[in-house]
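Commentary on secondary and tertiary structure
Listed below, chain by chain, are the residues.
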Amino acid sequence: GNKGVAVSVRSSATTEDQKDASFAGQHATFLNVVGVDSMLDAVRKCWASLYTDRACVYRGNAQVPHRDAIMALVVQVMVEPAAAGTAFSVELSTN
C-alpha cells in the first residue's frame, strides 16, 4: 500500500446516540495515522476505548448494559477540507 497516505481510525458503537444518552467523545478516534503498523495500533486502541473507565462509567450512569456495547471501526483516507461541520437530526414525531 501507500505508506505515506494518512488515514483516520474512527469508532461506531451500537450504544451510541440513544434517546437519553449520546456517547460523543467517549471512544477514541485517531487522525492522520500513517503506516500499517501505526494504523493497526490505532485500531487496537480504538477498540480498547470501548472498555475505558470513562466509557464504562458513562454506560453505567446511562443504564446501558455493557453486554450491548459492540464496536465497529471505520478506516478512511484523510482529506484536506475547504470547510468542515457537524449536523444533527431529530425524529420530530418521537420528541
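The structure contained in this document is the topic of the report that follows. (Residues numbered from 1 in each chain as written. Predicted model: local features only at pLDDT ≥ 70, side-chain atom pairs only at ≥ 80, totals over all residues. Heavy atoms only, no water.)

With that settled, the discussion passes to the pattern of salt bridges. Any two side chains of opposite charge can pair, given that their charged atoms come close. Counted under the stated rule, the structure contains 1 salt bridge. Notably, a salt bridge pairs Lys45 with Asp41, separated by 3.2 Å at the nearest N-O pair. Separated by 4 residues within a single helix, Lys45 and Asp41 lie in helix H1 (residues 36-48), roughly one turn from each other. (Salt bridge = Lys/Arg side-chain N within 4 Å of Asp/Glu carboxyl O. Helix = DSSP H or I, 4+ residues; strand = E, 2+ residues; numbered from the N terminus.)

Okay, the sheet that holds strand S3 (residues 71-77) next. Strands in a sheet are paired, the pairing made by backbone hydrogen bonds, and the direction either parallel or antiparallel. The strand order S2-S1-S3 describes an open sheet built from 3 strands, whose pairing is antiparallel. Strand pairing shows two members of the sheet lacking a second neighbour, strand S2 (30-34) and S3, which therefore form its edges. Neighbour to neighbour, the strand axes of the sheet diverge by 30° on average, direction disregarded. Pairing analysis gives 7 bridges linking strand S1 (residues 6-13) to S3, with the strands arranged antiparallel. (Pairing = 2+ DSSP bridges. Axes fitted to C-alpha atoms, helices over the stretch in contact; angles between N-to-C directions.)

This part is about the nonpolar core. Side chains of a nonpolar character, in soluble globular proteins, are inclined to be buried together. Listed in full, the 6 residues of the largest apolar core are Val7, Val9, Val33, Ala42, Val43 and Cys46. Secondary-structure elements contributing two or more residues to this core are S1 and H1. Among the elements that line this core, the one with the most residues is H1, at 3 residues. Residue contacts for Ala42: discarding those within four places in its chain leaves Val9, Phe30 and Val33. (Core = buried A, V, L, I, M, F, W, Y, C linked by side-chain atoms within 4.5 Å. Buried < 20%, exposed > 50% of the residue type's maximum accessible area, 1.4 Å probe, protein only. Contact = heavy atoms within 4.5 Å.)

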